[in-house]
Amino acid sequence: MELREAGISDSDTLSALEKIPRHEFIPNSFIDQAYENIALPIGNEQTISQPLIVAIMTQELEITKKHKILELGTGSGYQTAILAKLSRRVYTIERIKSLSNEAKKTLDKLRLYNVVTKIGDGNLGWKEQMPFDRIILTAATKKLSTEIIKQIKDNGIIIAPMIINNEKQILKKFIKINNKIIEKNITDVKFVPNLSGIIA
Ligand code: SAH
């Protein structure tokens, strides 16, 4: 109800959020807050995103069952699970090994077998699997990498939290049309930073 009142109207998005048990993605110490509309710590100084933000990003991606999606920043795997419900396949990259492994376990437990996880730097994308219908970044970045822009299909959508003037962040929607990128602001957000390098 809260999500609906906040402007989430896409029924597929709402039903995916309803079906995925968020408590499965949250450490035991915070489990009693699993269904509150807030971000929560998942270890390694990272957070599971706020459900409303997950819903906005999902709705703006305009996903169909035919889509192949690239996600940068697996984190807990919660957003990954929502994407997996709505699309054909999700390729998800996380730079912190322990988070990637934990997310994989949870996704397997929920029998979401159309997800492929990888430990790596998401800014490089996933060359072997390109091009993608949709790309989502769940860590804030100053600039989309050329690899990411190369790996999205024509008419594809990228959703990403962008850092503006080193201070605020705006969630942006990018659409590639005839090899040109058109962008639109969605809402102010606060994400952890996009960092390079792998943590084993
Ligand atoms: N949607 C996730 C949010 C995870 S927070 C959830 O709901 O759980 C963002 C994640 O992006 C963190 O786990 C962080 O380690 C990861 N990350 C940051 N920069 C990255 C990069 N360059 N490549 C891959 N993962 C990255």
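The rules we used
- Residues numbered from 1 in each chain as written.
- Predicted model: local features only at pLDDT ≥ 70, side-chain atom pairs only at ≥ 80, totals over all residues.
- Heavy atoms only, no water.
- Buried < 20%, exposed > 50% of the residue type's maximum accessible area, 1.4 Å probe, protein only.
- Helix = DSSP H or I, 4+ residues; strand = E, 2+ residues; numbered from the N terminus.
- Contact = heavy atoms within 4.5 Å.

### Some points on helix α3 (residues 51–61)
- Where burial is concerned, most of α3 is hidden: 10 out of the 11 residues are buried.
- Three or more residues of α3 are buried, namely Pro-51, Leu-52, Ile-53, Val-54, Ala-55, Ile-56, Met-57, Thr-58, Glu-60 and Leu-61.
- In the segment just after α3, Glu-62 is the residue with positive phi, at about 50°.

### Looking at unusual backbone geometry
- The omega torsion across Met-130 and Pro-131 is 0°, close enough to zero to call that bond cis.
- Take Pro-131: it is sitting in the loop between β5 (115–119) and β6 (132–137).
- The phi angle at Arg-111 is positive, at roughly 55°, despite the residue not being glycine.
- On the secondary structure map, Arg-111 appears in the loop between α5 (97–109) and β5.

### Thoughts on the side chain of Ser-100
- Relative to the helices and strands, Ser-100 is located in helix α5.
- Judged by relative accessible area, Ser-100 falls into the buried class, the value being 2%.
- Sequence-distant contacts of Ser-100, that is, excluding residues within four places in its chain, are made with Glu-94, Thr-117, Lys-118 and Ile-119.

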